[in-house]
Amino acid sequence: MNLWQYILRRLFYIIPTILGVALIIFIIFNVVAPDPALIMLGKHATLSQIADLRNELGLNKPMWAQYLDIVKSAFTFDFGRSWTTKQEIIQMIKNGAIPSLTLTLPAFVLSTIIAVSISLVVSFFRGQWIDKCAVFFCVLLMSITSLAYILFGQWFFAYKLGWFEISGYESGFPDFVPYVVLPIIIWIILSIGPDVRFYRTVMLDEIYQDYVRTAKAKGLSERVILFKHVLKNAMIPIITFVVIQIPFLILGALLLESFFSIPGLGGITLNGVYNSDFPVIKAMTILTAMAYIIFSVITDVLYTIVDPRVRLK
């Protein structure tokens, strides 16, 4: 099977996956969840008001018609309007995507490069004090809650020292830069601990393989073995770990966007949850599922690029 046939076949799998996701969403929000009209109007609403709102929200339709509405919205990207803001959801997503990506994309790229670099260094000095210190600091960083980093960063670096903006956001480059620098630094600090530990384990697994002993027997230096052979063979688990996180970057950073008042997709999702805005939550769930499938295909294709022994079937 050639590459394009494989990609088309995997993309075709989106259809049954979306149907399944739509069914789960339908059961959760249209069958199991409380009546949205009651949630929005409160306990003092009259029967007439509840009936009018249910009719306005399309909740009086038969169940099969409500399920088809969810399926249709997944394939047409017409998710309707938010129950809270009355804006078109697709436009809300377009408006929130850029602020989210200005935070998540540089933070993700920088944290990945730093973590892989540190992992290579500690693998090179495995068992020595540099390796032990790195593991200790990784565990230390992981032991502190993310809220502590956010609150301390806002209080000390933004409020006391005035190095960064405490919160807010301005559109357009470079106006947004002062507002995303501190969240990016906090993202990197939060990611370094678990990422270094994962990449270090991957590197050490490769270091103890037979081909490394063969390379040493041929007289290759430790540096050449590590950077030319070990890193190349460790790319498959690294790609898996990296690419599978990308769909969640599109969703934004829920806590960071919330605390720093960045109007991204994370804030839209949180507001949707707080306000029981079911159309927004449904839209974000469907988009996440689609992004997950697409990036899974990209992961498989990248496998064949970094390791020609991998065959697509």
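Residues numbered from 1 in each chain as written. Predicted model: local features only at pLDDT ≥ 70, side-chain atom pairs only at ≥ 80, totals over all residues. Heavy atoms only, no water.

Q: Explain helix α2 (residues 14–32) to me, please; I cannot follow it from the model alone.
A: Given 3.6 residues per turn, any residue in an α-helix points the same way as the ones three and four places further on. If you check α2, its first and last C-alpha atoms are 25 Å apart, about what 19 residues at 1.5 Å a residue would give, namely 27 Å. Residue Phe 26 marks the point of greatest curvature in α2, where the axis turns by about 25°. By the burial criterion, the buried members of α2 are Ile 14, Ile 18, Val 21, Ala 22, Ile 25, Phe 26, Phe 29 and Asn 30. Lining the buried residues of α2 we find α1 (3–12), α5 (63–76) and α16 (278–306). (Helix = DSSP H or I, 4+ residues; strand = E, 2+ residues; numbered from the N terminus. Expected span 1.5 Å × (residues − 1). Bend = angle between axes of the 7 residues up to and from the residue. Buried < 20%, exposed > 50% of the residue type's maximum accessible area, 1.4 Å probe, protein only. Contact = heavy atoms within 4.5 Å.)

Q: Would you mind going over the environment of Met 290 with me for this structure?
A: Mapped onto the elements, Met 290 comes out in helix α16. As for Met 290 and Val 21, which are separated by 269 residues in sequence, their C-alpha atoms are 9.6 Å apart. Excluding residues within four positions of it along the chain, Met 290 makes contact with Ile 18, Ala 74 and Phe 77.

Q: Explanation requested: the pattern of salt bridges in the structure shown.
A: For side chains of opposite charge, pairing can occur when their charged atoms come near one another. One pass over the full model with this rule turns up 4 salt bridges. One salt bridge connects Glu 88 with Arg 81, and the closest N-O pair in it is separated by 3.8 Å. Across the pair Asp 210 and Arg 213 runs a salt bridge, and its minimum N-O distance is 2.3 Å. Of this pair, Asp 210 and Arg 213 both sit in helix α10 (residues 210–217), 3 residues apart, which is roughly one turn of that helix. Judged by its relative accessible area of 48%, Arg 213 is partly exposed. (Salt bridge = Lys/Arg side-chain N within 4 Å of Asp/Glu carboxyl O.)

Q: Sorry, what's going on with the nonpolar core here?
A: The tendency in soluble globular proteins is for nonpolar side chains to be buried side by side. Grouped together as the largest cluster of nonpolar side chains are 39 residues, with contacts concentrated most on Ile 186, Trp 187, Met 203, Val 230, Leu 256 and Phe 260. For this core, the secondary structure elements donating two or more residues are α6 (89–124), α8 (146–160), α9 (177–207), α10, α11 (222–233) and α12 (235–243). Here this core gets 13 residues from one element, more than from any other, and that element is α9. Here Met 203 is in contact with Val 116, Ser 119, Leu 120, Ser 123, Val 230, Leu 231, Ala 234 and Ile 238, once residues within four sequence places are set aside. (Core = buried A, V, L, I, M, F, W, Y, C linked by side-chain atoms within 4.5 Å.)

Q: Explanation requested: the packing of helix α15 (residues 265–274) against α16 in the structure shown.
A: Any two packed helices are characterised by how steeply their axes cross, that is the angle between the axes, and by the distance between the axes. Relative orientation of the contacting elements α15 and α16 amounts to 135°, with a least axis distance of 8 Å. Looking at the two axes, α15 sits oblique to α16. As α15 packs across α16, the resulting crossing turns out to be left-handed. Together, Leu 265, Ile 268, Thr 269, Gly 272 and Val 273 of α15 and Val 280, Ile 281 and Met 284 of α16 make up the contact between the two elements. Of the residues assigned to the contact of α15 with α16, the class counts are 6 nonpolar, 2 polar and no charged. (Axes fitted to C-alpha atoms, helices over the stretch in contact; angles between N-to-C directions. Parallel < 35°, antiparallel > 145°, perpendicular 65-115°, else oblique. Left-handed = near helix turned anticlockwise from the far one by under 90°. Nonpolar A, V, L, I, M, F, W, Y, C, P; charged D, E, K, R; others polar.)

Q: What am I meant to see in the packing of aromatic side chains here?
A: The geometry of an aromatic ring pair is captured by the separation of the ring centres together with the interplanar angle, meaning the angle of the planes. Tallied over the entire structure, the rule returns 16 aromatic pairs. Taking the centre distance of 5.7 Å and the plane angle of 45° together, the rings of Trp 83 and Phe 278 count as tilted. Taken as a pair, Trp 83 in the loop between α5 and α6 and Phe 278 in helix α16 lie far apart in primary sequence, 195 residues in all. Centroid distance Phe 198 to Phe 241: 4.3 Å. Interplanar angle 20°. Geometry classified as stacked. Highlighted residues: Phe 198 in helix α9 and Phe 241 in helix α12, separated in sequence by 43 residues. (Phe/Tyr/Trp six-rings, centres within 6.5 Å; stacked < 30°, edge-to-face > 60°.)

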